[in-house]
Amino acid sequence: MINIGAISEAGSLLPGGVVLTLLLTVAPLAAGFLLSIPLALIRSSKPTVSSTIVWAYTYAFRGTPLLVQLFLVYYGLAQLQLVRNSALWLLFRDPFWCAFIAFTLNSAAHTTEILAGGLRAIPKGQMEAATSLGLSRSQAFCLIQFPLAFRIVLPAYTNEVIGMLKASSLASTITLLEVTGLARQLVAATFAPYEVFIVAGLIYLGLTFVVSGLASRLERALNPLARSPSPSKASKTNRRLGLPALRTASDRPANRTGNGTR
């Protein structure tokens, strides 16, 4: 039998962890994105010692589970006497900051590779044109290179955002009471894991739906083809403003052959 009481209790209790879930998602994503911009520039440049170091960092964090990284930060660094005797202990003794650091480093590694791929995909002619216009390298990057790369990698970065949203549930393993942490507490009290985790899953599903919708709107806003009005919409606008109607290829007279025609 389905425990309706447990579902009702979960529906009233678990939304209280949404704020912490969003904080554990947005804050590491923002910090990781800022870190990834210079790292992506290095990663997409010619092979050097610095690009090799960045590759090693991204390979290590992308190739190991986020849960292991979280435990290394929360449990591992706490074992170092150097950390315990320094000002860093104020951060590493707090589970929130440990989760923030681990999530940021993981997100920065993934975002670096995503942005680096976008930067490599930009035709060289774009940068040559920027140089011919007299733009400096920083101006060309801010005005041309980065906007183009971001538009290219937006679908892949959306997957990273959704992945981090779902990965925020790992914070419950270090005593943080976000949605999954509250669900685990409620399961221990009600012994109804099926009902409680269904509600938790629906909350994550709803958040994922919102993120996907916002990303789709942003992608359309950044796509100049999507912003251009269709012929039908343009014709309606012209009629409303009293302007001449647009002529399309189908409206043009067909070329005819025969006597008296040229």
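Values in this document were obtained by computation on a predicted structure and should not be read as measured data. (Residues numbered from 1 in each chain as written. Predicted model: local features only at pLDDT ≥ 70, side-chain atom pairs only at ≥ 80, totals over all residues. Heavy atoms only, no water.)

1. As for the overall build of the protein chain
Assigned secondary structure in the protein chain consists of 13 helices and 0 strands. In the protein chain, of all internal contacts separated by at least 6 residues, the share reaching a separation of at least 24 is 76%. Accessible surface, the protein chain: about 16,200 Å² in total, of which carbon and sulfur atoms supply 66%. (Helix = DSSP H or I, 4+ residues; strand = E, 2+ residues; numbered from the N terminus. Contact = heavy atoms within 4.5 Å. Areas by Shrake-Rupley, 256 points an atom, 1.4 Å probe, with all protein chains shown as cover.)

2. Some remarks on the layout of surface pockets
In this approach a probe as big as a water molecule rolls over the atoms, and the regions it shows empty are the leftover space. A volume near 580 Å³ is recorded for the largest pocket. As for the largest pocket, its lining consists of 19 residues, of which Ser44, Leu119, Met127, Arg137 and Gln145 are closest to the centre. Taken together, the elements giving at least two residues each to the lining of the largest pocket come down to helix H7 (95-121), helix H8 (124-132) and helix H9 (137-167). Ranked by the residues each element gives to the lining of the largest pocket, the list is headed by H8, at 5 residues. Of the residues in the lining of the largest pocket, the class split is 9 nonpolar, 5 polar and 5 charged. In this structure, the second largest pocket occupies an estimated 420 Å³ of space. Within the residue set of the lining of the second largest pocket, elements represented by two or more residues are helix H2 (18-43), H9 and helix H11 (193-222). In the lining of the second largest pocket, the residues fall into 16 nonpolar, 2 polar and no charged. (1 Å grid on protein atoms, 1.4 Å probe; cavity = no way out; pocket = protein on both sides within 12 Å on 5 of 7 lines; lining within 4 Å. Points joined across faces, edges and corners; volume = space filled by probe spheres on them. Nonpolar A, V, L, I, M, F, W, Y, C, P; charged D, E, K, R; others polar.)

3. Focus on the environment of Ile144
Note on placement: Ile144 falls in helix H9. Exposure remark for Ile144: the relative accessible area of 18% places this residue in the buried category. In this structure the C-alpha to C-alpha distance between Ile144 and Ile122, which are 22 residues apart in sequence, comes to 9.6 Å. Here Ile144 is in contact with Gln126, Ala130, Leu135 and Gln139, once residues within four sequence places are set aside. (Buried < 20%, exposed > 50% of the residue type's maximum accessible area, 1.4 Å probe, protein only.)

4. Focus on the pattern of salt bridges
Once the charged atoms of two side chains with opposite charge are near each other, the side chains can pair. If you walk through the whole model with that rule in mind, you get 1 salt bridge. Residues Arg43 and Glu113 are paired through a salt bridge, measuring 2.8 Å at the closest nitrogen-oxygen approach. In this pair, Arg43 sits in helix H2 while Glu113 sits in helix H7, placing the two residues 70 residues apart along the sequence. Taken individually, Arg43 and Glu113 each receive the classification buried, so the pair is uniform in this respect. (Salt bridge = Lys/Arg side-chain N within 4 Å of Asp/Glu carboxyl O.)

5. Points about the packing of H2 against H9
What describes two packed helices is the angle between their axes and the distance between those same axes. Taken N-terminus to C-terminus, the directions of H2 and H9 make an angle of 140 degrees; their axes are 12 Å apart at the nearest point. Judged by the sense of rotation from one axis to the other, the crossing of H2 with H9 is right-handed. Mapping the contact onto sequence places Thr21, Thr25, Leu29, Phe33, Ile37 and Leu41 in H2 and Phe141, Phe146, Phe150, Tyr157, Glu160, Val161, Met164 and Leu165 in H9. (Axes fitted to C-alpha atoms, helices over the stretch in contact; angles between N-to-C directions. Left-handed = near helix turned anticlockwise from the far one by under 90°.)

6. Topic: the side chain of Glu195
Within the secondary structure, Glu195 is located in helix H11. There is no salt bridge for the buried Glu195, and the closest opposite charge comes from Arg184, which lies 16 Å off by N-O distance. Here Asn3 takes part through its backbone nitrogen, which lies 2.9 Å from a polar atom of the side chain of Glu195. When sequence neighbours within four positions are dropped, the list of residues in contact with Glu195 reads Met1, Ile2, Asn3, Ala6 and Ile7. (Lys, Arg positive; Asp, Glu negative; His and termini not counted. Polar contact = N/O pair within 3.5 Å; in protein donor to acceptor, adjacent residues only side chain to side chain.)

7. Regarding unusual backbone geometry
Positive phi values are uncommon outside glycine, yet Thr175 reaches one of about 75 degrees. Tracing the sequence through the fold places Thr175 in the loop between H9 and helix H10 (179-190). In this model, Phe191 sits at a positive phi of 55 degrees, which is unusual for a non-glycine residue. Following the sequence through the fold, Phe191 ends up in the loop between H10 and H11.

8. Considerations on the confidence of the model for the protein chain
When pLDDT is low, close inspection of the predicted coordinates is not appropriate. Predicted confidence across the protein chain gives a mean pLDDT of 87, with 85% of residues reaching 70 or more. Model confidence for the protein chain, summarised as mean pLDDT per element, is weakest for helix H13 (residues 231-241) at 57 and strongest for H2 at 97. (pLDDT = per-residue confidence, 0-100.)

9. Here we look at the packing of aromatic side chains
Per the counting criterion, the structure on display carries 11 aromatic pairs. Clustering of aromatic rings is evident, with ring pairs tying together Phe33, Phe141, Phe146, Phe150 and Tyr157. (Phe/Tyr/Trp six-rings, centres within 6.5 Å; stacked < 30°, edge-to-face > 60°.)

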